[in-house]
Amino acid sequence: MVVLASGFGWHVEDLHRAAARHCIQLRTLLFQQLSIHISKNSEIPNLIQANNVTLNHQDAILVRMMPPAGLEKVVFRMDMLHRLNETGVMVSNPPRVIEMAVDKALSLSRLSQAGVRVPPTWVGESAEAAMIAFEELGYDVICKPIFGSEGRGLVRLTDRESAWRVFHSLVQIGSVIYLQKFIKNCGSDIRIMLLNNDVLAAMKRKAKGDDWRTNIAQGAAAEPLNKINAELWDYSMITANTMGGMLLGLDFIYDLEGRAYLLEVNGVPGWQALSAVTGTDVAAEWLLKLKSGIKK
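Rules and cut-offs
Residues numbered from 1 in each chain as written. Predicted model: local features only at pLDDT ≥ 70, side-chain atom pairs only at ≥ 80, totals over all residues. Heavy atoms only, no water. Axes fitted to C-alpha atoms, helices over the stretch in contact; angles between N-to-C directions. Helix = DSSP H or I, 4+ residues; strand = E, 2+ residues; numbered from the N terminus. Parallel < 35°, antiparallel > 145°, perpendicular 65-115°, else oblique. Contact = heavy atoms within 4.5 Å. Nonpolar A, V, L, I, M, F, W, Y, C, P; charged D, E, K, R; others polar. Expected span 1.5 Å × (residues − 1). Buried < 20%, exposed > 50% of the residue type's maximum accessible area, 1.4 Å probe, protein only. Arc of directions from axis to C-beta. Phe/Tyr/Trp six-rings, centres within 6.5 Å; stacked < 30°, edge-to-face > 60°.

Caption draft 1: Structural view of the packing of helix α3 (residues 95-102) against helix α4 (residues 104-113). The contact between α3 and α4 brings their axes to 5 Å, and the two run at 95°. One finds that α3 runs roughly perpendicular with respect to α4. Contact with α3, carried on its side by R96, M100, A101 and V102, involves K104, L106, S107 and R110 of α4 and no other residues of that element. In terms of residue class, the contact of α3 with α4 is built from 4 nonpolar, 1 polar and 3 charged.

Caption draft 2: Just helix α2 (residues 71-86), in detail. For α2, with 16 residues, the first-to-last C-alpha span of 22 Å sits near the 22 Å given by 1.5 Å per residue. Of the residues making up α2, those classed as buried are R77, M78, M80, L81 and L84. For α2, the angular spread of the buried residues around the axis is 150°, confining them to a single face. Exposed positions of α2 whose direction lies more than 90 degrees from the buried face are L71, E72 and E86. Once α2 ends, the next one or two residues include G88, with phi positive near 95°.

Caption draft 3: The packing of aromatic side chains, seen in detail. What the rule picks out here adds up to 5 aromatic pairs. Seen in terms of ring centroids, F134 and F167 are 6.4 Å apart; in terms of plane orientation they differ by 75°. Their pairing is edge-to-face. In this pair, F134 is assigned in helix α5 (residues 127-136) and F167 in helix α6 (residues 160-172), connecting sequence segments 33 residues apart. Residue classification places F134 among the buried positions, given a relative accessible area of 0%. Ring centres of W271 and W286 lie 5.9 Å apart, and the angle between their planes is 80°; this geometry places the pair in the edge-to-face category.

Have a look at this one:
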């Protein structure tokens, strides 16, 4: 098996720990090392390598966080994942799943259509249109990067002047404006980890002090959630069937009336806090599931 990552951080180390424990051979290669050799006369017309190591159908690729880069590099890296997948290499998660999950607008649009309750959301490129949406969403929105994770780049906007400045700043730097109605809640949310269309583990996260963000990276506290209710289970299964993939992280929040909303889906989810809180060895479970898939 191969871990395709941006560096040698905690998650890569945890995968190697789990691999050694279960006698699974695991290599780490970097996205920056990817290359493709195209030759009509070659026995393998599309030879994909990383650091001069050829990737083939005997490998299973575990995709970890892709490093930040310009559009050309991102497209190239995703194209390589698509080519690997098309040539019979098991890629987890598959590139189409990663693309759909990282694009919050696309994933929430499809999940809403499939019947999952999501916060009212507006996405566009016009600051003027965003101001109209800001009003329609009740003058209380979360403005977030359309691509992003761990609570970075989130801004809560509750007045017209701040909203106007933020929207025009985003337009000036060429960003898409992504607005989500702020769901009034009790300051907590739920993270559910799905593995192969089943709930692997779940935890409840409580925001720190008056902070509305519930990300562990932002100082939130967490506790294990040993059982999820029928509504969360149904929404999780709809998400799994709609998104596909093997390992997904789902973030839910409850409003003050007790209704659950899916905030977003992560196609390359982290599990450091989840494993610590729940005792679930996510790395081992993922590797073993991939290993059983290779045998089949």
